[in-house]
Amino acid sequence: MKLHSLEHYSHQLEMIAHDAWLTARVKSALAMADPALSLQVHVKTLAGTVVLSGRVNTHKQCEQAVALARTVQGVNEIDARELLTHVFTPGSVPTPPNAEESPEIRSSSSTKPDDK
């Protein structure tokens, strides 16, 4: 029974080391292609599946990150569901995450006393 648990433990260590190696290779591929992209994209690997997360500026950068991860030998799957882009609809104004805590901006004309 101990031999079985030792083999299981050894297999788990091998998988963890392989996942760490894949993560490093994907991060390296991102950094070599575009250093800014490697800072925006977070990489985790679980059992050969590379999980990309973070926020990039364009949809093209998202596609580039996925394509670069695909080029790394040993990657089984890529999960990019958590890789988001900065997308704003035309005419909308982005709001801060917590509007109640943001400082109120007043126009300079409202702070001047009236000239009478």
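What you see is a predicted model, and the numbers here were worked out from it, not measured in a lab. Residue indices begin from 1 for each chain and proceed along its sequence in written order. Per-residue local features of the predicted model are confined to residues with pLDDT of at least 70, and side-chain atom pairs are confined, for both listing and counting, to 80 or more; whole-chain, interface and lining totals are unaffected and use all residues. For side-chain calculations, the full set of non-hydrogen atoms in the structure is used, while hydrogens and water are omitted.

**Here's the deal with unusual backbone geometry**
In most cases, non-glycine residues show a negative phi, while peptide bonds are predominantly trans. For clarity, the threshold we go by: Strands are runs of DSSP state E lasting at least 2 residues, helices are runs of H or I lasting at least 4, and numbering of each runs from the N terminus.
A positive phi is found at alanine 47, a non-glycine position, where the angle reads about 55°. Its place among the elements puts alanine 47 in the loop between strand S1 (41-46) and strand S2 (49-56).

**Things to note about the nonpolar core**
Quick note on the threshold: What makes a nonpolar core is a set of buried Ala, Val, Leu, Ile, Met, Phe, Trp, Tyr and Cys residues whose side-chain atoms join them at distances within 4.5 Å. Whether a residue is buried, partly exposed or exposed follows from its accessible area with a 1.4 Å probe, protein chains only, as a fraction of its type maximum: under 20%, in between, or over 50%, in that order. Working rule for contacts: check all heavy atoms of both residues, and any pair within 4.5 Å makes them a contact.
Core analysis: the largest hydrophobic core is formed by 17 residues, its most contacted members being Val26, Leu30, Val41 and Leu52. Breaking this core down by element, the ones donating at least two residues are helix H1 (2-33), S1, S2 and helix H3 (59-71). Contacts of valine 26, omitting those with residues within four sequence positions, involve Val43, Val50, Leu52, Ala69, Val72 and Val75.

**Some words on the environment of alanine 47**
Relative accessible area serves as the criterion here: at 48%, alanine 47 is assigned to the partly exposed category. Each C-alpha atom of the pair alanine 47 and asparagine 76 lies 8.4 Å from the other, and the pair is 29 residues apart in sequence. Contacts of alanine 47, omitting those with residues within four sequence positions, involve Met15, Asp19 and Asn76.

**Focus on the pattern of salt bridges**
Put simply, the test is: Put simply, a salt bridge is a Lys or Arg side-chain nitrogen that is within 4 Å of an Asp or Glu carboxyl oxygen.
Scanning the entire structure with this criterion turns up one salt bridge. A salt bridge links aspartate 79 to arginine 81, with the shortest nitrogen-to-oxygen separation between them at 2.8 Å. Here aspartate 79 falls in the buried class, since its relative accessible area comes to 17%.

**What to know about the pairing of S1**
It is a general feature of regular strands that their side chains alternate between the two faces of the sheet. This is how it is decided: The pairing criterion is simple: DSSP has to find at least two bridges between the two strands.
Only one face of S1 is buried, namely the one carrying Val41, Val43 and Thr45, since none of His42, Lys44 and Leu46 on the opposite face is buried. Alignment of S1 against S2, held across six bridges, turns out to be antiparallel. If you follow valine 41 over to S2, its bridge partner there is glycine 54. Between S1 and S2, which pair antiparallel in sequence order, lie two residues; one of them, alanine 47, sits at a positive phi of approximately 55°.

**Examining a nonpolar patch on the surface**
As a reminder of what qualifies: Patch rule: a residue counts if its relative accessible area is over 30% and it has no salt bridge; like charges are joined within 9 Å, and nonpolar side chains (Val, Leu, Ile, Met, Phe, Trp, Tyr) within 5 Å. The method behind every accessible area is Shrake-Rupley, applied with a 1.4 Å probe, and residues are considered shielded solely by the protein chains displayed.
Residues Leu6, Tyr9, Leu13 and Ile16 make up a contiguous nonpolar surface patch of roughly 430 Å² in combined accessible area. Mapped onto the elements, leucine 6 comes out in helix H1.

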